[in-house]
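Examining the three-dimensional arrangement
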Amino acid sequence: MFLNWRAYDAKAENNTIKYVDARQTATGERKRFTAPYFVDSTGDGWIGFWSGAEFSYGRESADTYDETWEEHGELWSPKVPDNAVMGSSVLWGSKEMESPQEFPEVPWAMPVAKDYSKVKGEWQWEFSRNDLSQIEDAEEIRDHMLRAIYGSFSNAKKEPENANRKLEWVSYLVGKRESRRLVGDHIFTFKDAVNEIKFPDAVVVEKRAIDVHYQTILEDEKNPDFISEALFYRGLQYYIPYRSLYSKNINNLFMAGRNFSCSHIGLGGPRVMRTTGQMGAAVGFAASLCKKYDVNPRDIYKGYLPEYLELIEEQKYRKIPESKNEACKGIPFHVGCLYGACSVPIARSYLKWGAGGYYE
């Protein structure tokens, strides 16, 4: 297992990834990883992007996949496709102290914060704009949010009831929700969820509401541009097929995480860890069969689907032994590995993983 290695390039020949180059974040050492199969779980779809995988970015038109929700109109799905995506959040908090606390003037922050006043920020503190890429402009998005935070807290400190309030912590990372979505043999959509289609190759199941975020400034120009709201479509149980977890045009590439094959609205529900964790498990099992039969990811769907689904189904009935580490020996993938419950590498030596993050 290679911890704290950050990929920076990938090379594909004849639609097959040959290697991924990575750098050790602490030492700067570089290493070239070769493997028969790769998984892109980078969140931003970097492995796929570098290797030439098809991908999408932004909102499709409502008619592309018939994803209209009349009640919310353009806030849900536009008539004309655009580059808008769910935004990134920077969370922060303050605490009440026993004595008055000073806070400096922050004139550099006020053009963003204006007269907005708050003492903490949760998921609604989110920024996305049609002309900004959540990938290429991530630092600008972060800095915009930092101005919003410090300016808003500065405003709050001018109120008498916040005299003892102290800024406790501010995240220095953006929590991303959406960027590139790699294209697989099936693109999971809002329609798939609404119709609760149980695909023959369904490997992920979820009941979480489909929630799609938008910037509240789109409702009223007087609202700050760094606050979002969510639209919830509830009451569904939906399934994601295996065909959404491997690349359409790169032969040996799986994907797991928010960069799986889906539409903008289709991402609304499955983009969080409980669902993306299932994707990781499903991909691990598929990779073990690819190794066993020396085939590519698509071949599992075409020729080994019953064995694949049986392998997944069997996991429901495994007893938890005294040692979780013992449980992993000889098993290509153990769910405990995904959540940090043991130290055995995911999918053994079959895969090289990227690093991804997911945000509500």
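Preceding block: the structure.
Quick summary incoming for the structure in this document. (Residues numbered from 1 in each chain as written. Predicted model: local features only at pLDDT ≥ 70, side-chain atom pairs only at ≥ 80, totals over all residues. Heavy atoms only, no water.)

**A few points about the nonpolar core**
Rule in force here: What we call a nonpolar core is a set of buried Ala, Val, Leu, Ile, Met, Phe, Trp, Tyr and Cys residues that are connected through their side-chain atoms within 4.5 Å. Each residue's exposure class comes from its accessible area (1.4 Å probe, protein chains only) as a fraction of the maximum for that residue type: buried when under 20%, exposed when over 50%, partly exposed otherwise. Strands here mean DSSP runs of E at least two residues long; helices mean DSSP runs of H or I at least four residues long; both are numbered from the N terminus. Throughout, a residue-residue contact means that at least one pair of heavy atoms, one from each residue, lies within 4.5 Å.
Counting residues in hydrophobic clusters, the biggest one holds 51 residues, and the most contacted among them are W76, I210, Y242, L253, F254, F260 and Y308. With eight residues, the single largest contributor to this core is helix 5 (residues 273–293). Discounting chain neighbours no more than four positions away, the residues touching W76 are R59, E67, T68, W69, F190, I210, V212, L231, Y233, H264 and I265. V90, I141, L146 and I227 belong to the second largest nonpolar core, which has 15 residues in total.

**A look at the pairing of strand 2 (residues 16–24)**
Residues in a regular strand point their side chains to alternate faces of the sheet. Going by this rule: Strand pairing is assigned whenever DSSP identifies at least 2 bridges connecting the two strands.
In this structure, strand 1 (residues 5–13) lies alongside strand 2, joined through eight bridges in antiparallel fashion. Each bridged residue has a counterpart across the sheet, and for K11 the counterpart in strand 2 is Y19. Between strand 1 and strand 2, which pair antiparallel and follow one another directly, the connecting turn spans two residues, one of which, N14, has a positive phi of 50°. Bridging between strand 2 and strand 3 (residues 30–33) involves four bridges; their strand directions are antiparallel. Counterpart to V20 in the pairing with strand 3 is F33.

**Regarding the pattern of salt bridges**
This is how the line gets drawn: Here, a salt bridge means any side-chain nitrogen of Lys or Arg that lies within 4 Å of a carboxyl oxygen of Asp or Glu.
Throughout the structure, instances matching the rule amount to 19 salt bridges. R129 is paired through a salt bridge with D131; the nearest N and O atoms lie 2.7 Å apart. The exposure class of R129 is partly exposed, given its relative accessible area of 34%. Across the salt bridge formed by E307 and K292, the nearest N and O atoms sit 2.8 Å from each other. One end of the pair, E307, is in helix 7 (residues 305–314); the other, K292, is in helix 5, with 15 residues separating them in the sequence. A network of salt bridges, in which partner residues are shared, links D44, K176 and R258.

**Considerations on helix 7**
The line we're drawing: The arc in question is the one traced by the directions running from the helix axis out to the C-beta atoms.
If you check which residues of helix 7 are buried, you get L305, Y308 and L311. Here the buried residues of helix 7 occupy an arc of 125° about the axis, which is enough to place them on one side. Contact partners of the buried residues in helix 7: strand 11 (202–206), helix 5 and helix 6 (297–303).

**Some remarks on the sheet that holds strand 1**
Our working definition: Fitted lines through C-alpha atoms serve as axes, helices being fitted only where they are in contact, and the angles separating the N-to-C directions of these axes extend from 0 to 180 degrees.
Overall, antiparallel pairing links the three strands, which are arranged 1-2-3 in an open sheet. Looking at strand neighbours, the two that pair on one side only are strand 1 and strand 3, the edges of this open sheet. In this sheet, adjacent strand axes meet at a mean angle of 20° when their direction is disregarded.

Shape is all these values report; function is a separate question.
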